[in-house]
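Inside the fold
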Amino acid sequence: MSVFGIERSRSLWHLILAPTIWAIHFCVTYGMTAIWCERAPAASGDLRLWILIVTAVALAMILGVAWRAWRQWDYTDDYDYEHDGPTIEDRREFLGHAGFLLAVVSVIGVIYVALPAAFVGSCG
Amino acid sequence: MRRRTWQRRGASLLLPGLLAGCSGVQSILAPAGTDAAFLSNLFWVMLAGAVVLWFFMNGLMVYVWRVNVGHMSSRKAEALIIGGGIVFPTVVIGVLLSVALNAMPDMRAEGTGTRLKVTGEQWWWRVEYWPEGAEAPIVSANEIVLPANSRSEIGLTADKVIHSFWVPALGGKTDMFPGRETRMSLEPLKPGTYRGQCTEFCGESHAWMAFNTVVLPQDEYDAWLDAQAEPAAAPASESAERGQAVFLSEGCGACHAVRGTAAAGKVGPDLTHLGARTSLAAGTLPMTQDALVRWVRDAKAVKPGAEMPAYDHLTEDELSDLAAYLEGLT
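Residues numbered from 1 in each chain as written. Chains lettered and ligands numbered in written order. Predicted model: local features only at pLDDT ≥ 70, side-chain atom pairs only at ≥ 80, totals over all residues. Heavy atoms only, no water.

If you check an unreviewed UniProt entry, chain A appears there as Transmembrane protein from Roseivivax marinus.

1. Some points on the sheet that holds strand 7 (residues 174–176) of chain B
All names here are of chain B. Operational definition: Whether two strands pair comes down to DSSP finding at least two bridges between them. Secondary structure elements are defined from DSSP: runs of H or I of at least 4 residues count as helices, runs of E of at least 2 residues count as strands, and each element is numbered from the N terminus. Simply put, an axis is a line fit to the C-alpha atoms, just over the touching stretch for a helix, and the angle between two N-to-C directions goes from 0 to 180 degrees.
The 5 strands lie next to each other as 4-10-9-6-7, forming an open sheet whose pairing is mixed. Both outer strands of the open sheet, strand 4 (143–147) and strand 7, are each paired with one neighbouring strand and no more. Neighbour-to-neighbour, the strand axes of the sheet open up by a mean angle of 25°, direction not taken into account. The pairing of strand 4 with strand 10 (residues 210–216) spans 5 bridges and is parallel. Looking at the pairing, L146 lines up with V215 of strand 10.

2. A look at the domain arrangement of chain B
Residues and elements named next belong to chain B. This is how the line gets drawn: Domain ranges listed in this record stem from an automatic or a database domain assignment. Should any heavy atoms of two residues lie within 4.5 Å, those residues are considered in contact. By definition, the buried area sums, over both parts, the 1.4 Å-probe accessible area that each loses when the two are put together. Put simply, a salt bridge is a Lys or Arg side-chain nitrogen that is within 4 Å of an Asp or Glu carboxyl oxygen. A 3.5 Å cut-off defines polar contacts: any pair of N or O atoms within that distance qualifies, except that in protein one atom must be a possible hydrogen donor and the other a possible acceptor, and neighbouring residues in sequence count only when both atoms are side-chain atoms. For this classification, the nonpolar set comprises Ala, Val, Leu, Ile, Met, Phe, Trp, Tyr, Cys and Pro, the charged set comprises Asp, Glu, Lys and Arg, and every other residue, Gly included, is treated as polar.
Parsing chain B into structural domains produces domain 1 (25–71 + 108–227) and domain 2 (238–327). Relative to domain 2, the C-alpha centre of domain 1 lies at a distance of 29 Å. Between domain 1 and domain 2, the contact holds 21 residues from the first and 21 residues from the second. Of the roughly 1,600 Å² buried between domain 1 and domain 2, counting both surfaces, carbon and sulfur atoms make up 46%. Taken together, the links from domain 1 to domain 2 amount to 0 salt bridges. The interface formed by domain 1 and domain 2 contains 11 residue pairs in polar contact (both at pLDDT 80 or more). Secondary-structure elements contributing two or more residues to the side of domain 1 that touches domain 2 are strand 2 (124–129), strand 3 (138–141) and strand 10. Residue composition of the side of domain 1 that touches domain 2, by class: 12 nonpolar, 4 polar and 5 charged.

Okay, structure coming up:
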């Protein structure tokens, strides 16, 4: 079943996808750093490049989620923040609204998690 | 009127206590090293920011509750929530994070001058100085001497339990683990004496596990290190000579080393230049004859759990001779 171009069964994903990408990015960068610095501490330059790549991919994915959540929220249609009615539209817009805000938080989180690699150049 | 007086009295009693934390030998607010200066600047900047923010937020609350009730458009409110609630904190935290991260590599930079190794014991500090090219260290204990205006490399480890090394006036703290070596570097700027303290609970006398850090100008430091490498001074008085005999006959040398004598124990602190240190029993007592007598007579009474047995079977004369000998080990 499709409502306003987005399948109803998929609308819930917009709520949890962005924080999930943030969590995976966190585990991957920290895990990668721990293993890399234990096995090849001299090659920390490559590690930083990889963190940059992983971060760019994560941000691109979250921005994609944010865009879809933004459309699901459909804010520019009626500029309203109120979706507490017992209707399909309200439910859909609420999930889109919350998903969009979670995507914003996830972007900030991913940037903060990656920030040390920008400043700390070596494993020491 | 009476109430006023009491308030004033209360404030006058409280203030010195509060302000005492701002200076002294063990305060992050009285920095004497590069790293501590950075940390204290960061603290003041954050405190100033927090004060401004506190007044701004409370002012805002008064404004919307009392001054301009119900006049804010939803556009304005939206801008305030997004700008003040999301963008502003994100930028402020991002800047603070970046400033702190940017300083971390400098703080962890490898020391270029003196190299030393400190081992946390229960409850004292084993200190080894490794001058350039040395094959064996110059061993000391319970006091750290560093040259000013030079970054010293400090290797850290522990004997049985985890300890933590911290000289607040000079820099941050680093944990010490048994079987593992961690490291830090410190760059003191002002000559002086600064107190350090174990900051990881390590047993019953954890609170008594302190040390003084003496910062000397480079040339004085070099002379000091040369003197540390020398064996112990011979007893300079008859009392000290008798004290040395007591020291050897009581078996003190089984645990303590006094280089240049038969005492070569490694269990307890090296005493070769004990008298030259500024404190006794890891920052617990002053380096005086009275304190030495008190310590030797019953170490556990001063420092619960200390492994040194009590020598309360010695006579007062023997104890004071021993103290004279130990104090003469400069």
